[in-house]
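Architecture and fold: a report
Okay, here's what each chain looks like letter by letter:
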Amino acid sequence: MQINAFLLVLIFFYLINSITLIIFAFDKYCAIKDKNRVPERNLYLFSLIGGWFGGWVSMYLFRHKTNKTAFLIRFYTIGLGWFVGLFGLINWSETGLQFSHFFN
């Protein structure tokens, strides 16, 4: 049984976004309980490797880090990078080099 590479990519993004959402939620829990927090660099790292959307959902679901300007600037810069990259990939595939060529 051969698994489609595109399906693997979707599974990866589902998992990394779920994990990122949980990490952001855990950091909020630690903030409320005055426990050791998750370092911001870890929040950035999980966002950077593909969990940006999960982090964004968690931030607004749990109202966490939404008033920290320095964090938001870095976080949205990561998100902008993802959107520009995805737009570029989609645009690139429409101009002749098909996205599916990478997965065959």
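Below is a summary of the structure that appears in this document. Remember, it's a predicted structure, so these values are computed and weren't measured experimentally.

When its secondary structure is counted, the chain shows three helices and zero strands. Along the chain, helices and strands appear, N-terminal first, in the series α-α-α. A buried classification covers 25% of the 104 residues belonging to the chain. Nonlocal contacts in the chain, meaning residues at least 24 apart in sequence, comprise 65% of its contacts between residues at least 6 apart. When the accessible surface of the chain is summed, it comes to about 7500 Å², and 68% of that surface belongs to carbon and sulfur atoms.

What follows covers the side chain of Asn17. Take Asn17: it is sitting in helix H1 (residues 5–33). There is a polar contact of 2.7 Å between the side chain of Asn17 and the backbone oxygen of Phe13. If we skip the residues at most four places from it in the chain, Asn17 touches Gly50, Gly51, Trp52, Phe53 and Gly54.

With that settled, consider the nonpolar core. Within the largest apolar cluster, eleven residues are counted, these being Ile23, Phe24, Val38, Leu43, Tyr44, Trp52, Met59, Phe71, Leu72, Phe75 and Ile78. Taken together, the elements giving at least two residues each to this core come down to H1, helix H2 (40–61) and helix H3 (69–94). Once residues within four sequence positions are removed from consideration, Phe71 is found in contact with Phe24, Glu40, Leu43, Tyr44, Met59 and Lys65.

Moving on, we come to the packing of aromatic side chains. Here the structure, examined in full by the defined rule, presents 14 aromatic pairs. On the basis of an interplanar angle of 75° and a centroid distance of 5.6 Å, the ring pair of Phe75 and Tyr76 is categorised as edge-to-face. Of the residues examined, Phe75 reaches a relative accessible area of 0% and is grouped as buried. When its relative accessible area of 33% is taken as the criterion, Tyr76 is described as partly exposed. The structure contains a cluster of three or more aromatic residues connected by ring pairs, namely Phe24, Tyr44, Trp52, Phe53, Trp56, Tyr60, Phe71, Phe75, Tyr76 and Phe83. Stacked on the ring of Phe71, the Lys or Arg Lys65 has its end atom at 5.3 Å from the ring centre.

What counts as what
- Residues numbered from 1 in each chain as written.
- Predicted model: local features only at pLDDT ≥ 70, side-chain atom pairs only at ≥ 80, totals over all residues.
- Heavy atoms only, no water.
- Helix = DSSP H or I, 4+ residues; strand = E, 2+ residues; numbered from the N terminus.
- Buried < 20%, exposed > 50% of the residue type's maximum accessible area, 1.4 Å probe, protein only.
- Contact = heavy atoms within 4.5 Å.
- Areas by Shrake-Rupley, 256 points an atom, 1.4 Å probe, with all protein chains shown as cover.
- Polar contact = N/O pair within 3.5 Å; in protein donor to acceptor, adjacent residues only side chain to side chain.
- Core = buried A, V, L, I, M, F, W, Y, C linked by side-chain atoms within 4.5 Å.
- Phe/Tyr/Trp six-rings, centres within 6.5 Å; stacked < 30°, edge-to-face > 60°.
- Lys NZ or Arg CZ within 6 Å of the ring centre and 35° of its normal.

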